[in-house]
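# Chains, contacts and geometry: an overview
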Amino acid sequence: MKLVLAIINDEDAFTAMDQLNEKGYSVTKLATTGGFLRAGNTTLICGCDEDRVEEFVGIIEQKCKSRKKIGSVNSGGISANESYVPFPVEITVGGATVFVLNVDEFIKI
Ligand code: 2BA
């Protein structure tokens, strides 16, 4: 068995979950925050058989799109006037970041 963690954009979460549920995947949705943009994203957790991981990733690929977002970075200046002045930059956030982990045990009570 594998544990799949998929970090996706909030906007894609429900369409991805609808499709995953339809195909018989059990999924848990976590409201998460990206460490760089400090903006909300969604992490889906799914325990599934190894031979279903490819299909899972295919659904994520189909339903989750990359987007351009505006983030802010510091100017990097060190004088009192210009230090840590944030300025907006356009950042491409990928459709999904997916981790696939081995599962030692799966217990349902
Ligand atoms: P954030 O950390 O908010 O990152 C949003 C986007 O900002 C990233 O998109 C990337 O394009 C850019 N970015 C992130 N860190 C950067 C840095 N140190 N310098 C310059 N640009 C940077 P994605 O790479 O598609 O990542 C989307 C979200 O997936 C991330 O949100 C984070 O929550 C998660 N993520 C991505 N890679 C990860 C990893 N290796 N481990 C854990 N979480 C990850």
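In short, a report on the structure. (Residues numbered from 1 in each chain as written. Predicted model: local features only at pLDDT ≥ 70, side-chain atom pairs only at ≥ 80, totals over all residues. Heavy atoms only, no water.)

Time to look at the side chain of Asn41. Mapped onto the fold, Asn41 is located in strand S3 (residues 40–48). The buried category is assigned to Asn41, whose relative accessible area is 16%. In terms of polar contacts, Asn41 uses its side chain to reach the side chain of Thr32, at 2.6 Å. Ignoring sequence-local partners within four residues, the contact set of Asn41 consists of Ile7, Ile8, Asp10, Leu30, Ala31, Thr32, Thr33 and Gly34. (Helix = DSSP H or I, 4+ residues; strand = E, 2+ residues; numbered from the N terminus. Buried < 20%, exposed > 50% of the residue type's maximum accessible area, 1.4 Å probe, protein only. Polar contact = N/O pair within 3.5 Å; in protein donor to acceptor, adjacent residues only side chain to side chain. Contact = heavy atoms within 4.5 Å.)

The next thing to look at is the side chain of Gln19. Within the secondary structure, Gln19 sits in helix H1 (residues 13–22). Those residues in contact with Gln19 that sit more than four places away from it in its chain are Ile59 and Lys63.

Along any regular strand, the residues point their side chains to alternate faces of the sheet. Of the two faces of strand S1 (residues 2–8), the one lined by Lys2, Val4, Ala6 and Ile8 is fully buried and the one lined by Leu3, Leu5 and Ile7 carries no buried residue. The pairing of S1 with S3 spans seven bridges and is classified as antiparallel. Each bridged residue has a counterpart across the sheet, and for Ala6 the counterpart in S3 is Leu44. Pairing between S1 and strand S6 (residues 96–102): seven bridges, direction antiparallel. In the sheet register, Leu5 faces S6, and the bridge partner there is Phe99. (Pairing = 2+ DSSP bridges.)

Attention now goes to the sheet that holds S1. Pairing in this open sheet of four strands is antiparallel, and the strands run S2-S3-S1-S6 from one edge to the other. In this open sheet, the two edge strands, each paired with only one partner strand, are strand S2 (28–33) and S6. In this sheet, neighbouring strand axes are inclined to one another by 20 degrees on average, regardless of whether the strands run parallel or antiparallel. Those strands touched by H1 are S1, S2 and S3, and its axis lies near 15 degrees from that of S3. Where helix H2 (residues 53–63) meets the sheet, it contacts S1, S3 and S6, and its direction lies at approximately 5 degrees from that of S1. (Axes fitted to C-alpha atoms, helices over the stretch in contact; angles between N-to-C directions.)

All right, on to the pattern of salt bridges then. This structure, assessed with the given rule, holds three salt bridges. With its nearest N and O atoms 2.8 Å apart, the salt bridge here joins Arg67 to Asp12. Here Asp12 lies in the loop between S1 and H1 and Arg67 lies in strand S4 (residues 67–74), a separation of 55 residues in the sequence. Look at Arg67 and you get partly exposed, because its relative accessible area is 23%. Residue class for Asp12 comes out buried when judged on its relative accessible area of 4%. (Salt bridge = Lys/Arg side-chain N within 4 Å of Asp/Glu carboxyl O.)

None of the figures reported here should be taken as evidence of function without further support.
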